[in-house]
Amino acid sequence: MLTNIISISLGAILINNFIFSQFLGCCPFLGCSSKVDTATGMGLAVVFVMGLASAICWVIDQFILVPLGLEFLQTLAFILVIASLVQFVEMFLKKSVPSLYSALGIYLPLITTNCAVLGVVLLNVQNDYNFIESVVYGITGGLGFMLAIVLFASVRERVAFSDYPECFEGFPICLVSAGLLALAFMGFSGMQIFA
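Residues numbered from 1 in each chain as written. Predicted model: local features only at pLDDT ≥ 70, side-chain atom pairs only at ≥ 80, totals over all residues. Heavy atoms only, no water.

## Considerations on the overall build of the protein chain
So, point 1. Within the protein chain, the regular secondary structure consists of eight helices and zero strands.
So, point 2. Each helix and strand of the protein chain, placed in order from N terminus to C terminus, yields the pattern α-α-α-α-α-α-α-α.
So, point 3. For the protein chain, the residues scored as buried account for 43% of the 195 residues in total.
So, point 4. In the protein chain, the proportion of contacts linking residues at least 24 apart, taken out of those at least 6 apart, comes to 79%.
So, point 5. Counting every atom, the protein chain has about 10100 Å² of accessible surface; 69% of that belongs to carbon and sulfur.
So, point 6. Distance between charge centres in the protein chain, computed from 5 positive and 10 negative side chains, equals 15 Å. (Helix = DSSP H or I, 4+ residues; strand = E, 2+ residues; numbered from the N terminus. Buried < 20%, exposed > 50% of the residue type's maximum accessible area, 1.4 Å probe, protein only. Contact = heavy atoms within 4.5 Å. Areas by Shrake-Rupley, 256 points an atom, 1.4 Å probe, with all protein chains shown as cover. Lys, Arg positive; Asp, Glu negative; His and termini not counted. Charge placed at Lys NZ, Arg CZ, Asp CG, Glu CD.)

This is the structure we're talking about:
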């Protein structure tokens with residue numbers, strides 16, 4: 001059991017990172033990565049939503065949808081859960097951390113449509129994870145997202161002071177940097193955690 005949890009954790013963070021390996025959640029990744037502080041806040045919000053959504057969606061799937069034969073409604077039910085959680089996070093940030101709320105701007109509601117959050121709950125069902133494995137996969141998938149977005153934000157902050165051709169100004173240098181980070185994460189692709 002412990003080796004399975006470790007495999008799921010390392011796989012979600014490094015090997016099958018949602019951003020660099022599965023290409024899920026690229027919208028907030030590219031939009032909220034101009035500053036490390038904003039990227040950290042977005043990463044923490046995604047970790048919270050992914051972990052909680054994994055737990056709630058597993059319960060809904062196992063105790064409501066499957067027993068009633070309503071598996072075809074999984075995507076719809078999961079989207080409703082995720083939208084509710086994002087509303088909760090948005091209200092919490094607006095009250096508790098207004099500076100982060102205004103820094104995230106339009107990208108905070110985009111967590112609702114973040115395909116990485118929906119992807120984690122659908123992959124939990126597809127991989128037939130139990131409750132603990134689902135929650136671990138959700139949290140570590142969010143940590144992998146946070147690692148990717150914070151690394152990318154730090155690269156973007158340094159690139160802003162670098163000398164590069166004028167034709168790469170703005171979004172093109174952002175995409176080149178993201179591609180180079182994805183290549184770096186590709187080094188983990190053949191890794192086996194336990195034989």
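Here the narrative resumes, following the displayed structure.
## Some points on the environment of Arg156
So, point 1. Within the element layout of this structure, Arg156 appears in helix H7 (residues 131-159).
So, point 2. By relative accessible area, which is 25% here, Arg156 ends up partly exposed.
So, point 3. Not counting residues within four places of it along the chain, the set of residues in contact with Arg156 comprises Leu30, Ser33, Ser34 and Cys174.
So, point 4. Here Ser33 takes part through its side chain, which lies 2.9 Å from a polar atom of the side chain of Arg156. (Polar contact = N/O pair within 3.5 Å; in protein donor to acceptor, adjacent residues only side chain to side chain.)

## Looking at the state of the cysteines
So, point 1. Taken as a whole and judged by the stated rule, the model has zero disulfides.
So, point 2. With no disulfide partner, Cys115 has as its closest neighbouring cysteine sulfur the one in Cys26, 6.9 Å distant.
So, point 3. A relative accessible area of 36% means that Cys115 is categorised as partly exposed.
So, point 4. With no disulfide of its own, Cys167 lies 15 Å from the sulfur of Cys174, the closest cysteine sulfur.
So, point 5. Residue Cys167 is classed as exposed on the basis of its relative accessible area of 62%. (Disulfide = S-S within 2.5 Å.)

## Let's talk about the confidence of the model for the protein chain
Do not read the fine detail of predicted coordinates wherever pLDDT is low.
So, point 1. Averaged over every residue, the pLDDT of the protein chain is 88; residues scoring 70 or more account for 98%.
So, point 2. Ranking the elements of the protein chain by mean pLDDT puts helix H5 (residues 98-104) last, at 81, and H7 first, at 94. (pLDDT = per-residue confidence, 0-100.)

## Let's talk about the packing of H7 against helix H8 (residues 171-185)
The description of two helices packed together rests on the angle between their axes and the distance between the axes.
So, point 1. Running from N to C, H7 and H8 cross one another at 135 degrees; their axes reach a closest spacing of 10 Å. Here H7 lies oblique to H8, going by the angle between them. The handedness of the crossing between H7 and H8 is right-handed. On H8, the residues touching Leu147, Leu151, Phe152, Val155, Arg156 and Val159 of H7 are Ile173, Cys174, Ser177, Ala178, Leu181 and Phe185. (Axes fitted to C-alpha atoms, helices over the stretch in contact; angles between N-to-C directions. Parallel < 35°, antiparallel > 145°, perpendicular 65-115°, else oblique. Left-handed = near helix turned anticlockwise from the far one by under 90°.)

## Brief notes about helix H6 (residues 115-126)
So, point 1. For H6, with 12 residues, the first-to-last C-alpha span of 15 Å sits near the 16 Å given by 1.5 Å per residue.
So, point 2. By the burial criterion, the buried members of H6 are Ala116, Val117, Leu118, Gly119, Val120, Val121, Leu123 and Asn124.
So, point 3. Buried residues along H6 sit in contact with helix H3 (36-65), helix H4 (74-96) and H7.
So, point 4. Asp128 lies just past H6 and shows a positive phi near 55 degrees. (Expected span 1.5 Å × (residues − 1).)

## Observations regarding the packing of H3 against H6
So, point 1. Contact pair H3 / H6: the axes reach a minimum separation of 9 Å and the direction vectors enclose 40 degrees. Judged by the angle between their axes, H3 and H6 are oblique. Considering the relative orientation of H3 and H6, their crossing is right-handed. Taking contact as the criterion, the partners of Val49, Met50, Ala53, Ser54, Cys57 and Asp61 in H3 are, on H6, Ala116, Val117, Val120, Val121, Asn124 and Val125.

## So, the side chain of Glu90
So, point 1. When you line up the elements, Glu90 lands in helix H4.
So, point 2. Summary of buried charges: Glu90 has no salt-bridge partner, and the nearest side chain of opposite charge, Lys94, is 6.8 Å away.
So, point 3. If near-sequence neighbours (up to four positions away) are discounted, Glu90 is found in contact with Tyr101, Leu108 and Pro109. (Salt bridge = Lys/Arg side-chain N within 4 Å of Asp/Glu carboxyl O.)

## Some thoughts on unusual backbone geometry
So, point 1. Of note, Phe23 is a non-glycine position whose phi angle comes to about 55 degrees, a positive value.
So, point 2. Structurally, the position occupied by Phe23 is in the loop between helix H1 (2-15) and helix H2 (26-31).
So, point 3. One non-glycine residue with positive phi stands out, namely Asp128, at about 55 degrees.
So, point 4. Position of Asp128 among the secondary structure elements: in the loop between H6 and H7.

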